[in-house]
Amino acid sequence: MTDQLLPWTGEPVRVGLVGAGPWARAMQARVLAAGPETRLTAVWARREEAAQETAAPYGAKATTRFEELLDAVEAVAFAVPPAVQAELAPRAARAGRALLLEKPLGVGLTAARRVADAIGEAGVVSQLLLSNRYHPEGRRFLAAARETEVAGARSSGLSGAFLGGDFATPWRLEHGALLDVGPHLLDLLDAAVGPVARTRAAGDPRRWIELTCEHTTGAVSQCSLSGSVNVPRGGIRVELFGPAAPVVYDGTGLDFEEAWPVLRREFATAVRTGVSGELDARRGLRLQELIAGAAAG
């Protein structure tokens, strides 16, 4: 964890953004350009016009080739479908660039392992964009969890994102909530309750899926996932139960503008020190292993 109160005295990290969709424009480009720890230097997307539209407000360069983006930057941030990330991230790692990665690392475990292995072999810094982990409320929740004896937990990640709108994208509609929201909840449960030893799933990830997680501590947790339900507000909620009062994390309605400066500072610090934090590609592979275990039954 870094101290957000201290001024950033180093050079901003020159970051290239891969992707120009709604998430790239609404969050990643804007946050990376805000600095002072990072500077949005270049944008590449398979549609050149979209790259130009994303880059222009921040004075960044829209590159016509992925290799041109790599030549212009120290680090690469991904805002693309997981299959595209799995294709391009190893190339960026082999070029010696630090990586800010979306979850999941890839569509399947084999692709995720290729990404993590390439990063490990190249020895570059990596960091996962697990948004709840950078929010002060998420960190308070995990700190409280470390002081709590947990017998069991229940959690949910529910929204209507797949019913229409910017996030009803082809890969989400094909693979469903397990691959989309699953990494967020499995990460929180694994960190708060204890390492997950086994996962089992029931249901259809495109409609509603229930996960049962058995933890090495002996605790059991439940996880309800859907992106296809009409709820007033989508979000993530985790409740821990034991001898003491419940410990609750409710991400519904949180302002994630509090999370992005933390993400930016910690990524830039990792790049400048050459040391990845806890939420690196190995963490992403661990989450993908849990998802694969659940999918396999």
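Reference entry: report on the structure contained in this document. In this text, all values refer to a predicted model and were calculated from it rather than measured experimentally. Along each chain, residues carry numbers from 1 onward, in the same order as the chain's sequence is written. With the structure being a predicted model, the display of local features is reserved for residues of pLDDT at least 70 and the display and counting of side-chain atom pairs for 80 or more, all residues being used for whole-chain, interface and lining totals. With hydrogens and water set aside, each side-chain value is computed from the structure's full complement of heavy atoms.

### What about the sheet that holds strand S3 (residues 61-62)?
Using the following cut-off: Paired strands, in this sense, are two strands between which DSSP finds at least two bridges. The numbering of helices and of strands both runs from the N terminus, where a helix is a DSSP run of H or I of at least 4 residues and a strand a run of E of at least 2. We call two residues contacting when some pair of their heavy atoms lies within 4.5 Å. Axes here mean lines fitted to C-alpha atoms, for a helix over just the part in contact, with angles spanning 0 to 180 degrees between N-to-C directions.
Here six strands make up an open sheet; going across it, the order is S3-S2-S1-S4-S5-S6 and the pairing parallel. The strands lining the two open edges of the sheet, one partner per strand, are S3 and strand S6 (126-128). Inspection of the sheet shows strand S4 (residues 75-78) paired to strand S5 (residues 98-101) by three bridges, in the parallel sense. Counterpart to Ala-75 in the pairing with S5 is Ala-98. Sheet contacts for helix H10 (residues 260-273): strand S1 (13-18), strand S2 (38-44), S4, S5 and S6; angle to S5, the most-contacted strand, approximately 155 degrees.

### With respect to the nonpolar core
What counts here: Note on terminology: a nonpolar core comprises buried Ala, Val, Leu, Ile, Met, Phe, Trp, Tyr and Cys residues joined through side-chain atoms within 4.5 Å. Exposure classes here rest on a 1.4 Å probe applied to the protein chains alone. A residue is buried below 20% of its type maximum, exposed above 50%, and partly exposed in between.
Core analysis: the largest hydrophobic core is formed by 97 residues, its most contacted members being Phe-78 and Leu-240. For this core, the element with the highest residue contribution is H10, accounting for seven residues. When neighbours within four sequence positions are excluded, Phe-78 is seen to be in contact with Val-18, Gln-28, Gln-85, Leu-88, Ala-89, Ala-92, Leu-99, Leu-100, Leu-101 and Glu-102.

### Quick look at the packing of helix H9 (residues 182-193) against helix H11 (residues 281-296)
Convention followed: Any angle that is under 35 degrees is reported as roughly parallel, and any over 145 degrees as roughly antiparallel; angles of 65 to 115 degrees are reported as roughly perpendicular and all others as oblique.
At a closest axis distance of 10 Å, the pairing of H9 and H11 adopts a crossing angle of 100 degrees. The angle between the axes of H9 and H11 places the two elements in the roughly perpendicular class. In this structure, H9 contributes Pro-183, Leu-186, Asp-187, Asp-190 and Ala-191 to the contact, and H11 contributes Arg-283, Arg-286, Leu-287, Leu-290 and Ile-291.

### Side note on the sheet that holds strand S12 (residues 247-250)
An order of S8-S9-S10-S7-S11-S12 is seen for the six strands of this open sheet, with the pairing classed as mixed. The sheet is open, and its two edges are formed by strand S8 (196-204) and S12, each paired on a single side. Strand-to-strand twist of the sheet, defined as the mean angle between neighbouring strand axes without regard to direction, takes the value 10 degrees. Bridge count for strand S7 (residues 152-158) against strand S10 (residues 220-226) is seven bridges, and the pairing is parallel. Within the sheet, the bridge partner assigned to Arg-154 lies in S10 and is Gln-222. Taken strand by strand, H9 contacts S7, S8, strand S9 (208-215), S10, strand S11 (235-241) and S12, and its axis lies near 20 degrees from that of S11. Running at roughly 50 degrees to S8, H11 makes contact with S8 and S9 of the sheet.

### Some details on unusual backbone geometry
Glycine aside, negative phi is the norm for most residues, and most peptide bonds take the trans geometry. Here the residue pair Gly-35 and Pro-36 is connected by a cis peptide bond, since its omega of 5 degrees sits within 30 degrees of zero. Mapped onto the elements, Pro-36 comes out in the loop between helix H1 (22-34) and S2. In this model, Lys-103 is joined to Pro-104 through a cis peptide bond whose omega is -10 degrees. Structurally, the position occupied by Pro-104 is in the loop between S5 and helix H5 (109-122).

### A word on helix H2 (residues 48-55)
Operational definition: Here, the arc refers to the directions that run from the helix axis to the C-beta atoms.
Of all the positions in H2, only Ala-50, Ala-51, Thr-54 and Ala-55 are classed as buried. On an axial view of H2, the arc spanned by its buried residues comes to 125 degrees, and they lie on one face. In H2, the exposed positions angled more than 90 degrees off the buried face are occupied by Glu-49 and Glu-53. For H2, the secondary structure elements touched by its buried residues are S1, H1, S2 and S3.

### A few points about the layout of surface pockets
Empty pockets left among the atoms are what a rolling probe the size of a water molecule brings to light. Quick note on the threshold: The pocket and cavity definitions rest on a 1 Å grid over protein atoms only: a 1.4 Å probe that fits but cannot leave marks a cavity, an open set with protein on both sides within 12 Å along at least five of seven lines marks a pocket, and residues lining either have an atom within 4 Å of a point. Grid points are joined across faces, edges and corners, and a volume is the space filled by probe spheres set on the points.
The computed volume of the largest pocket comes to approximately 1,400 Å³. For the largest pocket, the lining is made up of 50 residues, of which Trp-23, Lys-103, Phe-167, Arg-172 and Asp-180 are closest to its centre. The biggest single contributor to the lining of the largest pocket is H1, with four residues.

### A few points about empty space enclosed by the protein
What counts here: Residue polarity is assigned by list, with Asp, Glu, Lys and Arg as charged and Ala, Val, Leu, Ile, Met, Phe, Trp, Tyr, Cys and Pro as nonpolar; anything else, Gly included, falls into the polar class.
Taken as a whole and judged by the stated rule, the model has one cavity of 30 Å³ or more. As for the largest cavity, its lining consists of Lys-103, Pro-104, Leu-105, Leu-128, Pro-183, Gly-284, Leu-287, Gln-288 and Ile-291. With four residues, the top contributor of residues to the lining of the largest cavity is H11. Its residues assigned to classes, the lining of the largest cavity comprises six nonpolar, two polar and one charged.

### Comments concerning H10
Under the convention used in this document: The span expected for a helix works out to 1.5 Å for each residue beyond the first.
For H10, built from 14 residues, the straight-helix expectation of 20 Å at 1.5 Å per residue is met to within 8% by its first-to-last C-alpha distance of 20 Å. Most of H10 is tucked away, with ten of its 14 residues classed as buried. Restricting attention to buried positions, one finds in H10 the residues Trp-260, Val-262, Leu-263, Arg-264, Arg-265, Glu-266, Phe-267, Ala-268, Ala-270 and Val-271.

### Some words on the packing of aromatic side chains
Our working definition: Here a Phe, Tyr or Trp ring, Trp counted by its six-membered ring, pairs with any other such ring whose centre lies within 6.5 Å, and the pair is stacked when the planes are under 30 degrees apart, edge-to-face when over 60, and tilted otherwise.
All told, the structure shown has five aromatic pairs when counted by the stated rule. Geometrically, the ring pair formed by Trp-23 and Phe-167 is edge-to-face, given 6.4 Å between the ring centres and 65 degrees between the ring planes. Of the two residues, Trp-23 sits in helix H1 while Phe-167 sits in the loop between S7 and helix H7 (170-175), which places them 144 residues apart along the sequence. For Trp-23, a relative accessible area of 28% puts it in the partly exposed group. Taking relative accessible area as the criterion, Phe-167 reaches 37% and is therefore assigned partly exposed.

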